[in-house]
Amino acid sequence: DKLPETLHALAHPPKLIITDSQVFKTVYEQKPEESKLTSFSVLFAGYKGDIHYYVKSAAAIEMLTESSRVLIAEACTHAPLTEDIGRVKIPRMLRKRFGERLRIDHVSGTDFPQDLEGYDLIIQCGACMFNRRYVVSRIDRAKAQNIPMTNYGITIAHLTGILDKIVLTLR
């Protein structure tokens, strides 16, 4: 809520803004044109996962229908907050777009199913609690079963229409 004042206080626009994916659209609309934008979740997708597979899999979001089934996989086992991104915000965005009957299952920690059949899409959190090897093993399992898999930040960027306008990696 202080972004305009913060940007105005800077001598020069920042080259890169790293935000929380939950406010991607708001920050995108307020950022200077010359400033690039990404999020913690997107950076972790590139660092710990397979950013190219995540982006490619985001196209599967458009194939969802009200009768689709989505798996949201969280790495940590924290007690969900009232406006939790994986249990409340992303499901709300998906149901608003595809219908209230969209089936969304949640797993947390290491409770990732071996059999992913029946899922139309998997959405992985940023996986800050897991190492790259473990995250890639989940991605490999999804690929082996032909299930598209993306992550929170890529999903939100896609759903808000800015996926093609954000920085995917810092490399």
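Residues numbered from 1 in each chain as written. Predicted model: local features only at pLDDT ≥ 70, side-chain atom pairs only at ≥ 80, totals over all residues. Heavy atoms only, no water.

Remarks on the overall build of the chain
So, point 1. The number of helices and strands found in the chain is seven helices and six strands.
So, point 2. Sorting the 171 residues of the chain into buried and exposed places 49% on the buried side.
So, point 3. Contacts in the chain between residues at least 24 apart in sequence constitute 73% of all its contacts with a sequence separation of at least 6.
So, point 4. Counting only carbon and sulfur atoms, one obtains 53% of the accessible surface of the chain, whose full area is about 9400 Å². (Helix = DSSP H or I, 4+ residues; strand = E, 2+ residues; numbered from the N terminus. Buried < 20%, exposed > 50% of the residue type's maximum accessible area, 1.4 Å probe, protein only. Contact = heavy atoms within 4.5 Å. Areas by Shrake-Rupley, 256 points an atom, 1.4 Å probe, with all protein chains shown as cover.)

Overview of the environment of Gln124
So, point 1. Its place among the elements puts Gln124 in strand β5 (residues 121-124).
So, point 2. In this structure, the C-alpha to C-alpha distance between Gln124 and His52, residues 72 residues apart in sequence, is 14 Å.
So, point 3. In contact with Gln124, not counting residues within four places along its chain, are Tyr54, Ala73, Ala75, Arg138, Met149, Thr150, Asn151 and Tyr152.
So, point 4. Only 2.7 Å separates the side chain of Gln124 from the side chain of Arg138, close enough to count as a polar contact. (Polar contact = N/O pair within 3.5 Å; in protein donor to acceptor, adjacent residues only side chain to side chain.)

Let's talk about the sheet that holds strand β3 (residues 69-74)
So, point 1. Taken in spatial order, the four strands make up an open sheet running β4-β3-β5-β6, and their pairing is parallel. Each edge of the open sheet carries a strand with a single partner, namely β4 (103-108) and β6 (149-151). The mean inter-strand angle of the sheet, taken between neighbouring strand axes irrespective of direction, is 25 degrees.
So, point 2. In the packing of helix α7 (residues 152-159) onto the sheet, contacts are made with β3, β5 and β6, and the angle to β6 comes to roughly 90 degrees. (Pairing = 2+ DSSP bridges. Axes fitted to C-alpha atoms, helices over the stretch in contact; angles between N-to-C directions.)

Digging into the nonpolar core
So, point 1. Core analysis: the biggest nonpolar cluster contains 48 residues, and Val70 and Leu94 have the highest contact counts within it.
So, point 2. Take this core: its biggest share by element is five residues, from α7.
So, point 3. Residues in contact with Val70, not counting those within four places in the same chain, are Leu64, Leu94, Leu102, Arg103, Ile104, Asp105, Tyr119, Leu121 and Ile123. (Core = buried A, V, L, I, M, F, W, Y, C linked by side-chain atoms within 4.5 Å.)

A few points about helix α4 (residues 51-58)
So, point 1. Among the residues of α4, Ile51, Tyr53, Tyr54, Ser57 and Ala58 are the ones counted as buried. Considered in projection along α4, the buried side chains sweep an arc of 165 degrees and stay on one side of the axis. Of the residues in α4, the exposed ones pointing more than 90 degrees away from the buried face are His52 and Lys56.
So, point 2. Buried residues in α4 make contact with α3 (40-48), β5, α6 (132-144), β6 and α7. (Arc of directions from axis to C-beta.)

A short note on α6
So, point 1. With 13 residues, α6 should cover 18 Å at 1.5 Å per step; its first-to-last C-alpha distance of 18 Å lies within 8% of that length.
So, point 2. Among all positions in α6, only Val135, Arg138, Ile139, Arg141 and Ala142 are buried. For α6, the angular spread of the buried residues around the axis is 155 degrees, confining them to a single face. Away from the buried face of α6 by more than 90 degrees, exposed residues Arg133 and Ala144 are located.
So, point 3. The secondary structure elements touched by the buried residues of α6 are α3, α4, β3, β5 and β6.
So, point 4. The backbone nitrogen of Arg133 lies 3.2 Å from a side-chain oxygen of the residue at the head of α6, namely Asn131. (Expected span 1.5 Å × (residues − 1).)

Focus on the packing of aromatic side chains
So, point 1. Per the counting criterion, the structure on display carries three aromatic pairs.
So, point 2. A ring pair is formed by Phe40 and Phe44, whose centres lie 4.5 Å apart and whose planes are at 35 degrees; its orientation type is tilted. Taken together, the residues span about one helical turn, with Phe40 and Phe44 both in helix α3 at a distance of four residues.
So, point 3. With relative accessibility at 43%, the residue Phe40 sits in the partly exposed group.
So, point 4. By relative accessible area, Phe44 is classed as buried at 19%. (Phe/Tyr/Trp six-rings, centres within 6.5 Å; stacked < 30°, edge-to-face > 60°.)

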